[in-house]
Amino acid sequence: MMMGMYYPQATTVQMGATAAKPGTQYYTMDPKRYQGNLPNHAKEDDPMDTNFSCPAGSVAFIHYDLIHKGTANKSQSLRYMFKFQFYRTEQPTTPTWNCTTPEWSPLVATEGPHSKFLEPVCHSIWNWLCGKVTTETLEDAEVPGLVSQLDSPSEKSRFYAAFRLGLSGKLDILFTRLLHSDEQMRFCAAYAIACSPSSASGAETLTEWLKDKPKETKMLIVWILSEWGMSHLLLRKLDTLVKVRDENSMLYIVQGLGRLGTHPSEEAASALANIMTTHHSDQVRMFASMSLDLLASTQPQSLEKLLIYFKKGLNNYNRYVQAYCLGALSKIETLEAKSLAISYLMASRWCPITTTSNTF
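Residues numbered from 1 in each chain as written. Predicted model: local features only at pLDDT ≥ 70, side-chain atom pairs only at ≥ 80, totals over all residues. Heavy atoms only, no water.

(A) The sheet that holds strand β1 (residues 2-7), seen in detail. In spatial order, the strands read β4-β1-β6; together these 3 strands make up an open sheet with antiparallel pairing. Each of the sheet's edge strands pairs with one partner strand only, and the pair in question is β4 (58-63) and β6 (82-86). The mean inter-strand angle of the sheet, taken between neighbouring strand axes irrespective of direction, is 20°. Relative to β6, β1 is paired through 5 bridges, and the arrangement is antiparallel. Bridge assignment links methionine 5 to a residue of β6, and that residue is lysine 83. (Pairing = 2+ DSSP bridges. Helix = DSSP H or I, 4+ residues; strand = E, 2+ residues; numbered from the N terminus. Axes fitted to C-alpha atoms, helices over the stretch in contact; angles between N-to-C directions.)

(B) Layout of the pairing of β4. Here β4 shows a buried face lined by Ser58, Ala60 and Ile62 and an unburied face lined by Val59, Phe61 and His63. Summarising the sheet, β1 and β4 pair through 6 bridges and their orientation is antiparallel. Paired with methionine 3 across the two strands is isoleucine 62, which belongs to β4. (Buried < 20%, exposed > 50% of the residue type's maximum accessible area, 1.4 Å probe, protein only.)

(C) Summary view of the pattern of salt bridges. A full pass over the atoms with the stated rule returns 12 salt bridges. The closest approach of N and O atoms between arginine 259 and glutamate 227, which form a salt bridge, is 2.9 Å. Placement of arginine 259 in the loop between α9 (247-257) and α10 (266-278) and of glutamate 227 in helix α7 (residues 215-227) is noted, with a sequence separation of 32 residues between them. With relative accessibility at 28%, the residue glutamate 227 sits in the partly exposed group. Salt-bridge contacts for aspartate 293 lead to lysine 331; the nearest nitrogen and oxygen are separated by 2.5 Å. One end of the pair, aspartate 293, is in helix α11 (residues 282-298); the other, lysine 331, is in helix α13 (residues 319-331), with 38 residues separating them in the sequence. For lysine 331, a relative accessible area of 27% translates into the label partly exposed. (Salt bridge = Lys/Arg side-chain N within 4 Å of Asp/Glu carboxyl O.)

(D) Seen up close, the environment of histidine 180. Inspection of the secondary structure assignment puts histidine 180 in the loop between α4 (171-177) and α5 (183-194). Taking the C-alpha atoms as reference points, histidine 180 and leucine 329, separated by 149 residues in sequence, lie 42 Å from one another. Those residues in contact with histidine 180 that sit more than four places away from it in its chain are Asp151, Met185 and Arg186. (Contact = heavy atoms within 4.5 Å.)

(E) Fine view of the packing of aromatic side chains. In this structure the tally under the stated criterion is 10 aromatic pairs. Relative to phenylalanine 86, the ring of phenylalanine 61 has its centre 6.2 Å away and its plane inclined at 55°; by these criteria the two rings are tilted. With phenylalanine 61 in strand β4 and phenylalanine 86 in strand β6, the pair connects residues that are 25 residues apart, well separated along the chain. By relative accessible area, phenylalanine 61 is classed as exposed at 52%. Phenylalanine 86 sits in the partly exposed class, given a relative accessible area of 39%. Consider the rings of phenylalanine 117 and tyrosine 160, whose centres lie 6.4 Å apart with planes at 85°: the pair is edge-to-face. Here phenylalanine 117 is found in helix α1 (residues 115-129), whereas its partner tyrosine 160 is found in helix α3 (residues 155-167), with 43 residues between them in sequence. Ring pairing ties together the aromatic residues Phe159, Phe163, Tyr191 and Trp223, which thus form one cluster. (Phe/Tyr/Trp six-rings, centres within 6.5 Å; stacked < 30°, edge-to-face > 60°.)

See below:
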């Protein structure tokens, strides 16, 4: 996902400008939650750290997972910012911007001190945005060194090694890392596998692992299969997956079920609708509603019998659930869905021109 932050007035550092750590969207370590012994780079000062001091009318676009924060407002003025969220409803097949050349241009040192480590990561993401698959060739002599580097205390070094191994097809090495006792080692392997060329045999192996592997591994498998465009394999385990109680695991499961694409499943849609309206976690409900919105883009017919759930979602106190439900209803081509959406919009209409001096 991407966020757009609109600043309606000139914003200075003194006013508490948004601060961000460029490149941290690729990190897997949650700087607030991680309690292990590995270096927590996201908490360290970095010469690339920046703030969004800007003139009025500016918009900053950032990756949803970029580490950012609001800083202390030391001025006498209020700082306003409007946040918008954007997410793709289908995989890119060609550049969707004014792209002069779809060929990858290697990073250079002037683009930041971490450019060497981010090279394979950025290369794979660029090709994905262009609708292409990234592959890499490794010399046999390079493999042992990269395998050793997977245990580096540096997250950048681990990512560099994992992505190079994954892009060259060394998936078996990374599969075993999904069982690692350290969360960060598992996450690193999962990210690299997900960005690697998909493998039918590898997908079958991972689907079988959903039977008896630890929940920490299962949730990463769900995410990998969805990134590979193979979420339909999750339907084999649907009954088991939707009964998972662990919140982190459920976040991965509901997002995976939203990536079914052209594999319609009323059972999966019904499960997501139930989770959206009954789960105790705000985050889980939000992502369940987003997945329903994604399904509405590719298989609206599977949602036509779920209007009672969308009505509940529109009245949910979670504003994200409300917004995603409205998005889904706008894509369901039935009179009942349109009427429900219009009724909600009529009741929530806000008039921007009503003031004390202009009451009519």
